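Spelled out from the first residue to the last, the chains are:
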Amino acid sequence: MKFKKNLYLYTFLFFVLWIIIFLNLKPITNFLIFDLIGLKAETHLGESIWFFVYEVPKVLLLLVLIVFGVGIVRSYFSPEKTRKTLEGKPLFVGNILASLLGIVTPFCSCSAIPLFLGFVEAGIPIGVTFSFLIAAPMVNEIALVLLLGLFGWKVALIYLVTGLLIAIFSGWIIGKLKMEKYVADWVYGVKSNREIIEEAKLPFTKRIESGYQVVKEIVGKIWVYILIGIAVGAGVHGYVPDNYLASLLGDQNWYSVPLAILIGIPLYSNAAGIIPIVSVLIEKGVSLGTALAFMMSVIALSLPEIIILKKVLKWPFIVTFVLIVAFGIITVGYLFNFIM
């Protein structure tokens, strides 16, 4: 009982401290950079240093809060529950459920093959499986919290909705094309030794502990990417002329969206590394649709993930997958360039 009270008290104090720091972050940064260190706001160096010192704690604070909440939510899920939820569902309903589950399910490129094998073994349709594999890296809590912190809730919501639509319809089209024959022959022969274990109901204190553990694991893995991404963004923010990127990737150029995707595919980064850079691209005049297309291509169509998937898929399947997802991303890019 004492442990429970202490855990609730520590969690309450954590939230109070979080609010105090977050609400005072800008004046603290102004004091440190302009008053204490003495840099000038109108200089390239001053702008770059201010951007870095302000954005790093802001992004990390938002990330810790959201990941903590998602960690608690994830304690109600498991890979086995995910498979059970998707088994036996009609194609389009399965695509929707798989995409939604991708938001709260741990995933990275290195997990692609084990997840793919597990889904195939459970009899989940290929199209539904790919809705999950597309949504999980692209529309996750890290991407959403960074977008929320750097762009506001409207852009975060736009990204959430469009990312889910790409995952849902890409998976649905793949399912309709009957691509099973292009899965590597050995995949269907794999049988795991997985045992069905009855999951015990956890007390809420254990779920809070799970939230702290997920924060430790995820933030511990990606904080370096955040620092690198924000550092690159700070350099662009302070030193790259406003009109240069706008002239290359502005919405006045018809080729800006496909060019952004072609630039993004060879790159390898997660949401933590790429979103701070995207923030500065928009600030420098790159249109929203083009910037979102660039970000989606880096996260969902990265070359390393394609290489990993080659172990379980034949080239016709991989080419079809890339073309379908790229078409969805291009559509989103042009649509938001037109709207905005």
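Residues numbered from 1 in each chain as written. Predicted model: local features only at pLDDT ≥ 70, side-chain atom pairs only at ≥ 80, totals over all residues. Heavy atoms only, no water.

Novice: Can you help me understand the overall build of the chain in this one?
Specialist: The secondary structure content of the chain amounts to 16 helices and 0 strands. Looking at the chain residue by residue over its 340 residues, the buried ones come to 49%. Here the contacts in the chain between residues at least 6 apart in sequence split such that 83% fall between residues at least 24 apart. (Helix = DSSP H or I, 4+ residues; strand = E, 2+ residues; numbered from the N terminus. Buried < 20%, exposed > 50% of the residue type's maximum accessible area, 1.4 Å probe, protein only. Contact = heavy atoms within 4.5 Å.)

Novice: What is the right way to read the side chain of S297 from this model?
Specialist: Inspection of the secondary structure assignment puts S297 in helix α14 (residues 288–300). Only 2.7 Å separates the side chain of S297 from the backbone oxygen of F294, close enough to count as a polar contact. Excluding residues that lie within four positions of it along the chain, S297 makes contacts with A260, I261, G264, I265, S302 and I329. (Polar contact = N/O pair within 3.5 Å; in protein donor to acceptor, adjacent residues only side chain to side chain.)

Novice: Would you mind going over the packing of aromatic side chains with me for this structure?
Specialist: Aromatic ring pairs: the centre-centre distance and the angle between the two ring planes describe each pair. Under the definition given, this model contains 12 aromatic pairs. Geometrically, the ring pair formed by W254 and Y255 is edge-to-face, given 5.8 Å between the ring centres and 85° between the ring planes. Residue Y255 is classed as partly exposed on the basis of its relative accessible area of 32%. Grouping aromatic residues by their ring pairs yields a cluster made of F14, F15, F68 and Y212. (Phe/Tyr/Trp six-rings, centres within 6.5 Å; stacked < 30°, edge-to-face > 60°.)

Novice: Would you mind showing me how to read the nonpolar core here?
Specialist: Within soluble globular proteins, side chains that are nonpolar tend to cluster in buried spots. Among the nonpolar cores identified, the biggest contains 94 residues, and F116, Y159 and F321 are the most heavily contacted of them. When sequence neighbours within four positions are dropped, the list of residues in contact with F116 reads I126, T129, F130, L133, V183, V187, V312 and L313. (Core = buried A, V, L, I, M, F, W, Y, C linked by side-chain atoms within 4.5 Å.)

Novice: Is there a simple way to explain the packing of α14 against helix α16 (residues 315–339) in this structure?
Specialist: Between two packed helices, the angle of one axis relative to the other and the distance separating the axes together describe the packing. At a minimum axis separation of 7 Å, α14 and α16 run at an interaxial angle of 160°. Relative to α16, the element α14 lies roughly antiparallel. Every pair of crossing elements has a handedness; the one defined by α14 and α16 is right-handed. For the pair α14 and α16, contact is made by L288, G289, T290, A293, M296, S297 and A300 and by F321, I329, V332, G333, F336 and N337, respectively. (Axes fitted to C-alpha atoms, helices over the stretch in contact; angles between N-to-C directions. Parallel < 35°, antiparallel > 145°, perpendicular 65-115°, else oblique. Left-handed = near helix turned anticlockwise from the far one by under 90°.)

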